[in-house]
Amino acid sequence: MTVPSGGVADSRGSAAPAAVFGDPDPLDDTPYALGLDIGSTTIKAVLLDDGVIVHDEYRRHNADVQAELTKLIHDLARQFPGVAARVAITGSGGLGIAQALEIGFVQEVIAGTQAVQRYHPEADVVIELGGEDAKITFLKPTPEQRMNGTCAGGTGAFIDQMATLLRTDAAGLDRLAAEHLHLYPIASRCGVFAKSDLQPLINDGARHEDLAASIFQAVATQTISGLAQGRPVTGHIVFLGGPLHFLPQLRIAFERTLEGRATGFTCPEKAQLFVALGAAHLADGSAHRFDELADRLLERRHLVPVSGRMAPLFADDEERAEFTARHEGERVPRRDLAEVEGACFLGIDAGSTTVKAVLIDSDARICYSHYQAGGGDPVGAARAIVEEVRAALPGTAIIARTCVTGYGEPLVKAALHLDDGEVETIAHYRAAAHLVPDVTSIIDIGGQDMKYLSLRDGVIDSICVNEACSSGCGSFLQTFAQTMDLDVHSFAEAAVAAFNPVDLGSRCTVFMNSSVKQAQKEGASVGDIAAGLSYSVVRNALYKVIKLHDAAALGAHVVVQGGTFLNDGVLRAFELLTGREVVRPDIAGLMGAFGAALIARSRFVPGRASSLL
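Residues numbered from 1 in each chain as written. Predicted model: local features only at pLDDT ≥ 70, side-chain atom pairs only at ≥ 80, totals over all residues. Heavy atoms only, no water.

**A few points about the pairing of strand β4 (residues 84-90)**
- Within β4, seven of the seven residues are buried, leaving the element largely enclosed by the surrounding structure.
- By the alternation rule, side chains of β4 split into Ala84, Arg86, Ala88 and Thr90 and Ala85, Val87 and Ile89, which are all buried.
- In the sheet, strand β1 (residues 32-38) pairs with β4 via five bridges, with the strands oriented parallel. When the sheet's bridge partners are listed, Leu36 is paired in β4 with Ile89.
- Where β4 lies against strand β11 (residues 287-289), three bridges are found, and the strand directions are antiparallel. For Ala84, the partnering residue across the bridge sits in β11 and is Arg289.
- In this fold, the crossover linking β4 to strand β5 (residues 104-105) by way of helix α2 (residues 95-101) has right-handed handedness. (Buried < 20%, exposed > 50% of the residue type's maximum accessible area, 1.4 Å probe, protein only. Helix = DSSP H or I, 4+ residues; strand = E, 2+ residues; numbered from the N terminus. Pairing = 2+ DSSP bridges. Right-handed = clockwise from strand over helix to strand, strands pointing away.)

Right, dumping it as structure tokens:
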């Protein structure tokens, strides 16, 4: 629907007038009104002349909001010389800028509702997707908005991330989806989990057209189920925001999901600008000349807050040397596989992103270990491990019993007829307790999961695991290392050598992208960002998963494990944030497999053959 012309509304319903700061401008009777919507990834602008749109803009700011906004206002000053306009700013990134420039600020929900009620009074529900946010606004009987909080799954940035996996962009994803024949179940709650769903399908040769449509379907499902939270999404639906405006196949996914519930769908002609349009209609008070506004932007530096900084991971070389020596002493006994005799016990950990294996002898000495990317085929990886062990095992030794744990435990156990299967928490506990008998806490950070076990008197007292979010896991760090053209080891080395780590908080992978880009704009080094991410991983584990209020709750003997803790930056950040020295075994990435091998050894009955194929 074409946005019609018309004057400023006489009534704003429940919307409160925008606050306006500064001295009044003599051109207050100007017919011009400018709405600026400053979002997480884009800046939108709508200029009205007596209620009619005469100019609009949609620009990506690439985390440099002030520079792009200055350029936009300069362009307006050139195109509309001498013009003054009432101005209102809205959007997730707009409040600080509005206050610094002494310009009125309007809440997004008020601006968006104003535009929808003005141009589409028939609307019952508004579904809006942005770069890092998703919203559902129920308009009747009174406006009620629900939006995403700490997770950006299902937003525009999520779509961009998934498009990269298919070696295309969002527009290419839309073109592919138009040719789909089949839909696959894909997680959209978390970009890292979605990647795990997609990668095996890509490896198996699934059509990219089907995968693209499945991604859009996942976004629609996540938005409706995650935000509506049981409230029926019915009546006439209006779609707003850049992703829904520019991607027709995404709208079709929503329509497919809401079929039978919605009575109609509308995507306005300028859906990507509707919040800015509403802000323009709500602009009041003093007018501002564009050239003067541009000069004010140039004068006021750092309108967007500068990233905070944290203490370096190591104060000096001596501190790092002590740390290295202490952790190098935490080694598990080993034995050469060629010298093994008698019964041996194989443990396999089929994880979310890797497959690990450990073979121990009757004295629990490690004779063989294996660590590799699963590649979406844990059964194939496990079978190859078994064949490799059998080929290398001397004739004086046998695999007496086997046990599997981890994400792929049921599948691997059934396929290879392994003797035992055990849940991950128990396997990790058995490994930690074998090495540190009086362990009080176990923290395990893997590729996509985190686990915390609290122990009292040698018994597991409580267990916490991450659920729908994988921020702060191994894949989280790997993703950022790859964007900086580094492997994880080099990334860790850069972190421990950094002098001025960036405070990046603890956010989901998609949100963190913006924080990292902002830090890069401010000149932060790769090491400063890597060290900041190391702190973020630990913060996420401590405060989101464990929900730690006092480090004393961890007890005196803490064991940390999982491949992520092989990163010295993460390990050091953990020790600094908890204020205690911890034990990281040299097999931190193999502890699940080691625990499984110990379980197999404990259940071995002499004379009974293994069922292993």
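**Here's the deal with the packing of aromatic side chains**
- Using the criterion set out here, one finds eight aromatic pairs in the structure.
- Judged by centre distance (5.1 Å) and plane angle (65°), the ring pair of Phe314 and Phe323 falls under edge-to-face. Take Phe314 and Phe323: they sit in the same class, and that class is buried.
- Among the aromatic residues, those joined into a ring-pair cluster are Phe239, Phe254 and Phe265.
- Directly above the ring of Phe138 sits Arg231, whose terminal nitrogen or CZ lies 4.1 Å from the centroid. (Phe/Tyr/Trp six-rings, centres within 6.5 Å; stacked < 30°, edge-to-face > 60°. Lys NZ or Arg CZ within 6 Å of the ring centre and 35° of its normal.)

**Quick look at the pattern of salt bridges**
- Scanning the entire structure with this criterion turns up 38 salt bridges.
- The partner of Arg572 in a salt bridge is Glu319, with the nearest N and O atoms 2.9 Å apart. With Arg572 in helix α20 (residues 568-578) and Glu319 in helix α12 (residues 317-328), this pair connects stretches of sequence that are 253 residues apart.
- Look at Glu319 and you get partly exposed, because its relative accessible area is 29%.
- The salt bridge involving Arg584 is made with Asp568; its shortest N-O contact spans 2.8 Å. Placement of the pair is Arg584 in the loop between α20 and α21 (591-602) and Asp568 in helix α20, with a sequence separation of 16 residues.
- Residue Asp568 is classed as partly exposed on the basis of its relative accessible area of 23%.
- Because the salt bridges share partners, they merge into one network encompassing Glu319, Glu322, Arg326, Arg572, Glu575 and Glu581. (Salt bridge = Lys/Arg side-chain N within 4 Å of Asp/Glu carboxyl O.)

**Some thoughts on the sheet that holds strand β18 (residues 450-456)**
- Taken in spatial order, the four strands line up as β19-β18-β17-β20 in an open sheet, and their pairing is mixed. Unpaired on one side and paired on the other, β19 (459-465) and β20 (558-561) mark the two borders of the sheet. Along the sheet, successive strands turn relative to each other by an average axial angle of 15°, direction set aside.
- For strand β17 (residues 441-445) and β18, the ladder comprises five bridges, and the chain directions are antiparallel. Bridge pairing in β18 places Ile443 opposite Tyr452.
- Against the sheet, helix α15 (residues 424-435) engages β17, β18, β19 and β20, with an angle of about 60° to β18. (Axes fitted to C-alpha atoms, helices over the stretch in contact; angles between N-to-C directions. Contact = heavy atoms within 4.5 Å.)

**Concerning the confidence of the model for the protein**
- Scored by pLDDT, the protein has a mean of 86; 88% of the residues are at 70 or more.
- Taken together, the stretch residues 4-26 has pLDDT below 50 and engages in 44 contacts with residues farther than four places along the chain or on a different chain. (pLDDT = per-residue confidence, 0-100.)

**Remarks on the nonpolar core**
- With 44 residues, the main nonpolar core has Ile443, Ile529, Leu533 and Phe574 as its most contacted residues.
- Within the residue set of this core, elements represented by two or more residues are β17, β18, α16 (474-483), α17 (488-496), α18 (509-521), α19 (526-545), β20 and α20.
- Broken down by element, the residue count for this core peaks at ten residues, all from α19.
- Those residues within four positions of Ile529 in sequence are excluded, and the remaining contacts are Met484, Val502, Leu504, Val516, Ala519, Gln520 and Ala524.
- Of all hydrophobic cores here, the second largest spans 41 residues; its members include Leu166, Leu176, Leu211 and Ile215. (Core = buried A, V, L, I, M, F, W, Y, C linked by side-chain atoms within 4.5 Å.)

**Here's the deal with unusual backbone geometry**
- Cis geometry marks the peptide bond from Lys140 to Pro141, where omega comes out at 5°.
- Mapped onto the fold, Pro141 is located in the loop between β7 (134-138) and β8 (144-147).
- Positive phi outside glycine occurs at Gln229, with the angle close to 50°.
- Within the secondary structure, Gln229 is located in the loop between α7 (208-228) and β9 (235-240).
- Although it is not a glycine, His417 sits at a positive phi angle of roughly 60°.
- Relative to the elements of secondary structure, His417 occurs in the loop between α14 (409-416) and β16 (420-422).

**Points about the side chain of Lys451**
- With respect to the element layout, Lys451 can be found in strand β18.
- Owing to a relative accessible area of 5%, Lys451 belongs among the buried residues under this scheme.
- With residues near it in sequence (within four places) discarded, Lys451 still touches Glu424, Thr425, His428, Ile442, Ile443, Asp444, Cys464 and Val465.

**Side note on the sheet that holds β9**
- Spatially, five strands are ordered β8-β7-β6-β9-β10 in an open sheet, and the strand pairing comes out mixed. Across the chains shown, the open sheet's two edge strands, defined by having one partner strand only, are β8 and β10 (262-266). Taken over all neighbouring pairs, the strand axes of this sheet differ in orientation by 20° on average, direction set aside.
- Of the strand pairs in this sheet, β7 and β8 are connected by four bridges, and their pairing is antiparallel. Across the sheet, Lys135 pairs through a bridge with Met147, a residue of β8.

**Concerning the environment of Ala315**
- Checked against the element boundaries, Ala315 lands in the loop between α11 (290-299) and α12.
- As for Ala315 and Ala497, which are separated by 182 residues in sequence, their C-alpha atoms are 9.8 Å apart.

**Topic: α12**
- Taking 1.5 Å per residue as the helical rise, α12 with its twelve residues ought to reach 16 Å, and the 16 Å between its terminal C-alpha atoms agrees with that figure.
- Along its buried surface, α12 packs onto α20.
- You can read the cap of α12 off the contacts: a side-chain oxygen lies 3.2 Å from the backbone nitrogen of Glu318, and it is on Asp316. (Expected span 1.5 Å × (residues − 1). Polar contact = N/O pair within 3.5 Å; in protein donor to acceptor, adjacent residues only side chain to side chain.)

**Quick notes on helix α3 (residues 108-119)**
- Between its first and last C-alpha, α3 extends 17 Å over twelve residues, near the 16 Å set by a 1.5 Å rise per residue.
- For α3, the secondary structure elements touched by its buried residues are β4, β6 (125-129), β7, β9 and α10 (274-282).

**Points about the pairing of strand β15 (residues 397-405)**
- Within β15, eight of the nine residues are buried, leaving the element largely enclosed by the surrounding structure.
- In this sheet, β15 lies alongside strand β12 (residues 342-350) in parallel orientation, the contact comprising eight bridges. Bridge pairing in β15 places Gly342 opposite Ala397.
- By the bridge criterion, three bridges tie β15 to β16 in an arrangement that is parallel. When the sheet's bridge partners are listed, Thr405 is paired in β16 with Glu422.
- One crossover worth recording links β15 to the parallel β16 by way of α14, and it is right-handed.

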